[in-house]
Amino acid sequence: MANEQEPLEQIYRDEWGRIVATLIRLLGSFDLAEEAAQEAFAVALDQWPRQGIPANPRAWLISTARHKALDALRRKTRWEDGGNPDAKLAVLAQEPTVAIEEDGVVEDDRLRLIFTCCHPALNADAQVALTLRTLCGLTTEQIAKAFLVPLPAMAQRLVRAKQKIRDAGIPYRTPPRTELAERLQAVLLVVYLVFNEGYNTAGEGRALSDEAIRLGRVLCELLPAEAEVRGLLALMLLHDARREARKSSDGDLILLEDQDRGLWNRKAIGEGLSLAESALRSGPGPYSVQAAIAAVHAQAASAIITDWPQIVALYDVLLRMQPSPVIELNRAAAVAMSEGCEAGLRLLDELEERAELRGYYLLPAARADMLRRLGEWSAAADAYRTALALASQEAEQRFLTRRLAEMEAAVRLEP
Amino acid sequence: MQYLLLIYNAESQWDALSEAEAAKMHKEFGAFTQSIIASGNYKGGNQLHPVSKATTVRVHDGKTIVTDGPFAETKEQLGGYYLIDAADLDEATAIAARIPSAGMGPIEVRPIVPMG
């Protein structure tokens, strides 16, 4: 039984988004489409283990879901409209099955769904939740857990998003060429938000980074001409490749320079490198440049022999595209590695004066690290204390506490 | 679908326009209105007098209280509106972006609840 349910689970993961996307176009409703898809999968779960998996599971699921939706609509029209045939019902009954089974049509539907979920008229939280629910097939409960939001609040967020799509008339379509680049930015941001959420949180979060990489692959398939889509997938793969190396067995954070590079996932790095290269060749955008930075790290055998001047140069390119104090902070850390900690500290002073990063724990943490390298134990300890007061994640706090204890011990040993 | 496009501006910005600039803006509004009439999107629209000419009515326990001006002190005021017919939100926002004063203040796009 278990080995018969496994392929069904795989089919669910691969096909849910496609099936829901097509059903939304046919039914004109997110809710109806989700319900119908859910019912179809329930029937499959019941029948397939006994009768075997049909030759074309996707066609079977869409056709079953269509019948379920027809039933639901008939019930609804009988009850609510006194038996008047509903327009949707007519469309649905007429839609030739063959048209909805063709790959091209299904893929177009999936693109429509992505762009609708990431429509700028929805707020970022709603975009993320809706994408994970409708496109990835995560349950509301799974999404709520991953984002540490109470279940009723997450359910409400999804309900509101779907109501806005319906009532405000957000269209179910892929934007025209002229708007595609701009709208794609919103889609990429949602995927990257999902990835980072997964990358930065323990446990449940794991699933989110996997989901984001899967979404990245889908987008690459659907929009092969867009370099930034490849850039983003490369960036995610190159970061994800370090997953096993960046936390110790007891969950402590391990910095890039201290990681056992033998634990890095070479397969993911290989794929990331070739994607990054191809993205950069077609005209670099911010994701491709960030992927290039990750690629320089991925190719270095150790932190010391990393090509730091190259990394500083890439941060310069990135800052021209996308000015941001956080990127400046990362650049300062690279400068410290390439030109020395004094140079890095001067850049941190400038950043601190501008006060844009007030409250951001990584600014004092970077200062502490540079002071530590210079052997300024006491000043480093002060900076670690400041960082510790601002850090919110447990793994970060443990790391900073450990470093602070080392500094305090070093101060005591000083003559 | 029908949408109400609510045109918000800081009234002080309008007052600061020179006579020539105001005439130009007026002409542009005329041309814009003509263009959405021609495309079949136009259902109605009007410019409003400034809030200094507004009167607020409130009813408390069946008693009507009439006062001068609007209650909320906001930076931007409702200066006019268009009622349009559009296929979807994307068409409505594209039309909103073409309103001549859109560079001076936000346009709120509100879907109309269908009757019945």
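Use the structure listed above.
Worth saying up front: this structure is predicted, and the values here are computed from it rather than measured.

Enquirer: How would you sum up the side chain of B:Thr56? Please name residues and give values.
Expert: Residues and elements named next belong to chain B. Topologically, Thr 56 is positioned in strand 3 (residues 55–60). On the accessibility criterion, Thr 56 (17% relative accessible area) is buried. One polar contact links the side chain of Thr 56 to the main-chain carbonyl oxygen of Gly 69, over a distance of 2.4 Å.

Enquirer: Residue-level account of the interface of chain B and chain A, with values.
Expert: Contacts between the two partners involve six residues from chain B and, on the opposite side, nine residues from chain A. Both faces combined, the contact of chain B with chain A buries some 560 Å², and carbon together with sulfur accounts for 56% of it. When the buried surface of chain B facing chain A is broken down by residue, B:Asp88, B:Leu89 and B:Asp90 rank first, second and third, together holding 74% of it. On the surface where chain B and chain A come into contact, there are two salt bridges. With a closest N to O distance of 3.9 Å, A:Arg183 and B:Asp90 form a salt bridge. Remark: the boundary between chain B and chain A carries four residue pairs in polar contact (both at pLDDT 80 or more).

Enquirer: Can you break down unusual backbone geometry residue by residue, with the values?
Expert: Even without glycine at this site, A:Leu148 takes up a positive phi of about 55 degrees. Tracing the backbone shows A:Leu148 in the loop between helix 8 (140–146) and helix 9 (151–168). A:Leu148 gets classed as exposed once you look at its relative accessible area, which sits at 74%. Of note in the backbone geometry, B:Asp61 takes a positive phi value of approximately 50 degrees without being a glycine.

Enquirer: Tell me about the packing of helix 15 (residues 308–321) of chain A against helix 16 (residues 325–339) of chain A, and name the residues and values.
Expert: Residue and element names in this part refer to chain A. At a minimum axis separation of 8 Å, helix 15 and helix 16 run at an interaxial angle of 160 degrees. Considered as vectors, helix 15 and helix 16 are oriented roughly antiparallel to each other. Pair helix 15 / helix 16 crosses with left-handed handedness. Residues Trp 308, Pro 309, Ile 311, Val 312, Tyr 315, Asp 316, Leu 318 and Leu 319 of helix 15 pack against Ile 327, Glu 328, Asn 330, Arg 331, Ala 334, Val 335, Met 337 and Ser 338 of helix 16. Per-class residue counts for the contact of helix 15 with helix 16 are eleven nonpolar, two polar and three charged.

Enquirer: Outline the pattern of salt bridges, listing residues and values.
Expert: Residue and element names in this part refer to chain A. With the rule as written, the count across this model stands at 39 salt bridges over all chains. Ionic pairing is found between Arg 402 and Asp 252, a salt bridge with its closest N-O pair at 3.3 Å. With Arg 402 in helix 20 (residues 394–413) and Asp 252 in the loop between helix 12 (227–240) and helix 13 (266–281), this residue pair connects regions lying 150 residues apart in the sequence. The salt bridge involving Glu 328 is made with Arg 354; its shortest N-O contact spans 2.8 Å. Linking Glu 328 in helix 16 with Arg 354 in helix 17 (residues 341–354), this pair joins segments that are 26 residues apart in sequence. The network of salt bridges with common partners includes Glu 257, Asp 258, Asp 369, Arg 372, Arg 373, Arg 403 and Glu 406.

Enquirer: Kindly report on the packing of helix 12 of chain A against helix 13 of chain A, identifying the contributing residues and their values.
Expert: All names here are of chain A. Helix 13 packs onto helix 12 with a crossing angle of 155 degrees between their chain directions and a minimal axis gap of 8 Å. The orientation of helix 12 with respect to helix 13, classified from their angle, is roughly antiparallel. As for the relative orientation of helix 12 and helix 13, their crossing is left-handed in sense. Residues Ala 227, Arg 230, Gly 231, Leu 233, Ala 234, Leu 237 and Leu 238 of helix 12 pack against Ala 268, Ile 269, Glu 271, Gly 272, Leu 273, Leu 275, Ala 276, Ser 278 and Ala 279 of helix 13. Broken down by class, the residue content of the contact of helix 12 with helix 13 amounts to eleven nonpolar, three polar and two charged.

Enquirer: Account for helix 9 of chain A, naming residues and giving values.
Expert: Between its first and last C-alpha atoms helix 9 of chain A spans 25 Å; for 18 residues at 1.5 Å apiece the expected length is 26 Å, and the two agree. A:Gly169 lies just past helix 9 of chain A and shows a positive phi near 75 degrees.

Enquirer: Describe helix 14 (residues 286–299) of chain A, naming the residues involved and giving the relevant values.
Expert: All names here are of chain A. If you check helix 14, its first and last C-alpha atoms are 20 Å apart, about what 14 residues at 1.5 Å a residue would give, namely 20 Å. A large share of helix 14 lies buried, amounting to twelve of its 14 residues. Along helix 14, the residues classified as buried are Pro 286, Tyr 287, Ser 288, Val 289, Ala 291, Ala 292, Ile 293, Ala 294, Ala 295, Val 296, His 297 and Ala 298. Of the surrounding elements, those touching the buried residues of helix 14 are helix 10 (177–200), helix 12, helix 13 and helix 15.

Enquirer: With reference to specific residues and values, describe the packing of aromatic side chains.
Expert: For any two aromatic rings, the description comes down to two numbers: the centre-to-centre distance and the angle of the planes. All names here are of chain A. All chains considered together, the criterion is met by nine aromatic pairs over all chains. An angle of 80 degrees between the planes, with centres 5.6 Å apart, marks the rings of Tyr 192 and Tyr 287 as edge-to-face. Remark: Tyr 287 occurs in helix 14 and Tyr 192 occurs in helix 10; sequence separation between them is 95 residues. Overall, the relative accessible area of 16% leaves Tyr 192 in the buried class. Ring-pair connections join several aromatic residues into one group, and the members of that group are Tyr 12, Trp 16 and Phe 41. One cation-aromatic arrangement involves Arg 242 over Trp 264; the distance from NZ or CZ to the ring centre is 5.7 Å.

Enquirer: Please set out a nonpolar patch on the surface residue by residue, giving values where relevant.
Expert: Taken together, the side chains of B:Val57, B:Val59 and B:Val66 present a nonpolar region at the surface, about 290 Å² in accessible area. Following the sequence through the fold, B:Val66 ends up in strand 4 (residues 63–68).

Conventions we followed
Residues numbered from 1 in each chain as written. Chains lettered and ligands numbered in written order. Predicted model: local features only at pLDDT ≥ 70, side-chain atom pairs only at ≥ 80, totals over all residues. Heavy atoms only, no water. Helix = DSSP H or I, 4+ residues; strand = E, 2+ residues; numbered from the N terminus. Buried < 20%, exposed > 50% of the residue type's maximum accessible area, 1.4 Å probe, protein only. Polar contact = N/O pair within 3.5 Å; in protein donor to acceptor, adjacent residues only side chain to side chain. Contact = heavy atoms within 4.5 Å. Buried area = accessible area lost by both parts, 1.4 Å probe. Salt bridge = Lys/Arg side-chain N within 4 Å of Asp/Glu carboxyl O. Axes fitted to C-alpha atoms, helices over the stretch in contact; angles between N-to-C directions. Parallel < 35°, antiparallel > 145°, perpendicular 65-115°, else oblique. Left-handed = near helix turned anticlockwise from the far one by under 90°. Nonpolar A, V, L, I, M, F, W, Y, C, P; charged D, E, K, R; others polar. Expected span 1.5 Å × (residues − 1). Phe/Tyr/Trp six-rings, centres within 6.5 Å; stacked < 30°, edge-to-face > 60°. Lys NZ or Arg CZ within 6 Å of the ring centre and 35° of its normal. Patch = residues over 30% accessible without salt bridge, like charges linked within 9 Å, V, L, I, M, F, W, Y side chains within 5 Å. Areas by Shrake-Rupley, 256 points an atom, 1.4 Å probe, with all protein chains shown as cover.

So, to be careful, I would describe these as geometric facts and stop short of saying anything about function.
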